[in-house]
Amino acid sequence: YKLSKEQDDALKDLVKKDEKFRTHVLQGTTGSGKTIVYFNAIKKKIEKGFQALILLPEIGLTNEFEKKFIDFFGFRPAVWHSSITKKNKKIIWSGLSTNKIKVVIGARSALFLPFKNLSLITVDEEHDQSYKQDEGVRYNARDMAISRASFENVPVNLITAVPSIETYDNIKKGKYTI
């Protein structure tokens, strides 16, 4: 995959100051190549032996996204959501805690996995309402991803075509870079 000049510039911004906590927004129209840009950022982390988490708003997006991931990286990521079997959940849990699994693509609950060497969290479609958990413990996975990144002192990237109102406000206040 060859990045365009605009994508390469976006990647440089995305990996700038990515050794510690910061929140960066990657905004681009649908089809502009945001996924390839943040895949390259994740690749840099994996090459250094770190782990990464990619949050997707819905389980239904996982299969197509997983194919795109395999095509780019050449390996299968761990996939975490409510339909994963108990056996696979145990395998993923163990693989993460021993640093054998490098990337998880998951729904909201993936935020609570025991990463041994987490180095980057990416929230794709950060504006999507599916990130809001309305039953049981109520939370917004995007906000929890930012909190976890802060606790772990790792960067978090919010990917979107149209930022949520909260994200837009945080950009305007200078809390997030874009």
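Presented here is a report on the structure given in the accompanying data block. Model, not experiment: these values are computed from the prediction.

With that settled, the discussion passes to the pattern of salt bridges. This structure, assessed with the given rule, holds 11 salt bridges. With a shortest N-O distance of 2.9 Å, glutamate 66 and arginine 76 are connected by a salt bridge. In this pair, glutamate 66 is assigned in helix α3 (residues 62-73) and arginine 76 in the loop between α3 and β3 (78-80), connecting sequence segments 10 residues apart. For arginine 76, a relative accessible area of 61% puts it in the exposed group. Among the ionic pairs, glutamate 166 bridges to arginine 142, the shortest N-O distance being 3.8 Å. Remark: arginine 142 occurs in helix α5 (residues 141-152) and glutamate 166 occurs in helix α6 (residues 165-172); sequence separation between them is 24 residues.

A separate point is the sheet that holds strand β4 (residues 103-106). Hydrogen bonding along the main chain pairs the strands of a sheet, whether they run parallel or antiparallel. Taken in spatial order, the 6 strands make up an open sheet running β1-β8-β5-β2-β4-β3, and their pairing is parallel. Two strands bound the open sheet, and with one partner strand each, they are β1 (23-27) and β3. Neighbour-to-neighbour, the strand axes of this sheet turn through a mean angle of 20°, independent of strand direction. As paired elements, β3 and β4 share 3 bridges and run parallel to each other.

Further remarks concern the packing of aromatic side chains. Tallied over the full model, the rule gives 11 aromatic pairs. Ring geometry for tyrosine 38 and phenylalanine 39: centres 5.5 Å apart, planes at 85°, overall edge-to-face. Its relative accessible area of 0% is what places tyrosine 38 among the buried residues. Consider the rings of phenylalanine 112 and tyrosine 139, whose centres lie 5.8 Å apart with planes at 85°: the pair is edge-to-face. Residue phenylalanine 112 is located in the loop between β4 and β5 (118-123), and its partner tyrosine 139 is located in strand β7 (residues 139-140); the two are separated by 27 residues in the primary sequence. Relative accessible area serves as the criterion here: at 45%, phenylalanine 112 is assigned to the partly exposed category. Put simply, the rings of Tyr1, Tyr38, Phe39, Phe65, Phe69, Phe72, Phe73 and Phe75 pair up and form one aromatic cluster.

Conventions and cut-offs
Residues numbered from 1 in each chain as written. Predicted model: local features only at pLDDT ≥ 70, side-chain atom pairs only at ≥ 80, totals over all residues. Heavy atoms only, no water. Salt bridge = Lys/Arg side-chain N within 4 Å of Asp/Glu carboxyl O. Helix = DSSP H or I, 4+ residues; strand = E, 2+ residues; numbered from the N terminus. Buried < 20%, exposed > 50% of the residue type's maximum accessible area, 1.4 Å probe, protein only. Pairing = 2+ DSSP bridges. Axes fitted to C-alpha atoms, helices over the stretch in contact; angles between N-to-C directions. Phe/Tyr/Trp six-rings, centres within 6.5 Å; stacked < 30°, edge-to-face > 60°.

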